[in-house]
Amino acid sequence: MPSRHPFIQFWQRLIRNRLNLVSLCVILLMVLLALVAPWITPFPYDQVVPEEQWQPPSAKHWLGTDQYGRDILSRCIYGARVSLLVGIVAVTLAMIVGVLLGALAGYFGGIIDEVIMRIIDMFMAIPAIILAIAFVAMLGPNLRNLIIAIAVYRIAQFARVTRGSVLSLKEQEFVEACHAMGQRHPRIIFRHLLPN
């Protein structure tokens, strides 16, 4: 008899699909490389050696060197740290804000829904690269502003999905029962609607 626990069901489905399993292994390898980067890189990622510029792949430099003589393999391993940081923080930030905005728009409806969704539509109408360039031009070129630009673009996706789910769930009987018991709106949204 198959297990009913959602976590075990998730792992059983993951193991059955080979492509998912390979993808998980690649992601775990990237995370592991990012964590142990200072100990496994053959050279410091920022070490400039002008006499070794544009070296092809060899036993000394597995991926060669760039125009400043820096080892490309070391730079790729250290680059995984930045890529993972930007990806995880930007998506987490977008998820938190997007789910909150979508839940508010779907639950309250009316003018709140119109205002939030029109602002979301405005951001969705702008191509991602143009939005990123505009943010960097306004705020300056650094990692924090890049994370903000990516998060702002992704907020729309989370908000749309959450709004649609909340719109269908708020008509269910359990929400009416919560209103009848006198529960406040934040409790209904965070305790009953979002977990569903």
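Everything below is about the structure shown above.
Keep in mind that what you see is a predicted model, and the values were worked out from it rather than measured. (Residues numbered from 1 in each chain as written. Predicted model: local features only at pLDDT ≥ 70, side-chain atom pairs only at ≥ 80, totals over all residues. Heavy atoms only, no water.)

A. Broad picture of the packing of aromatic side chains. Applying the stated criterion to the full structure yields four aromatic pairs. Relative to Trp11, the ring of Phe10 lies with its centre 5.4 Å away and its plane at 75°, an arrangement referred to as edge-to-face. Ring centres 5.0 Å apart and planes at 85° place the aromatic pair Tyr107 and Phe108 in the edge-to-face group. Within the aromatic cluster, the residues linked to one another by ring pairs are Phe7, Phe10 and Trp11. (Phe/Tyr/Trp six-rings, centres within 6.5 Å; stacked < 30°, edge-to-face > 60°.)

B. Layout of the pattern of salt bridges. Scanning the entire structure with this criterion turns up six salt bridges. As a salt-bridge pair, Asp66 and Arg70 come within 2.8 Å of each other at their nearest N and O atoms. In terms of burial, Asp66 and Arg70 fall into one category: buried. Note that Asp113 and Arg163 form a salt bridge whose closest N and O atoms lie 2.7 Å from each other. Of the two residues, Asp113 is situated in helix 5 (residues 110–125) and Arg163 in helix 7 (residues 143–169); the sequence distance between them amounts to 50 residues. Connected through shared salt-bridge partners, Glu114, Arg118, Asp121 and Arg160 make up one network. (Salt bridge = Lys/Arg side-chain N within 4 Å of Asp/Glu carboxyl O. Buried < 20%, exposed > 50% of the residue type's maximum accessible area, 1.4 Å probe, protein only. Helix = DSSP H or I, 4+ residues; strand = E, 2+ residues; numbered from the N terminus.)

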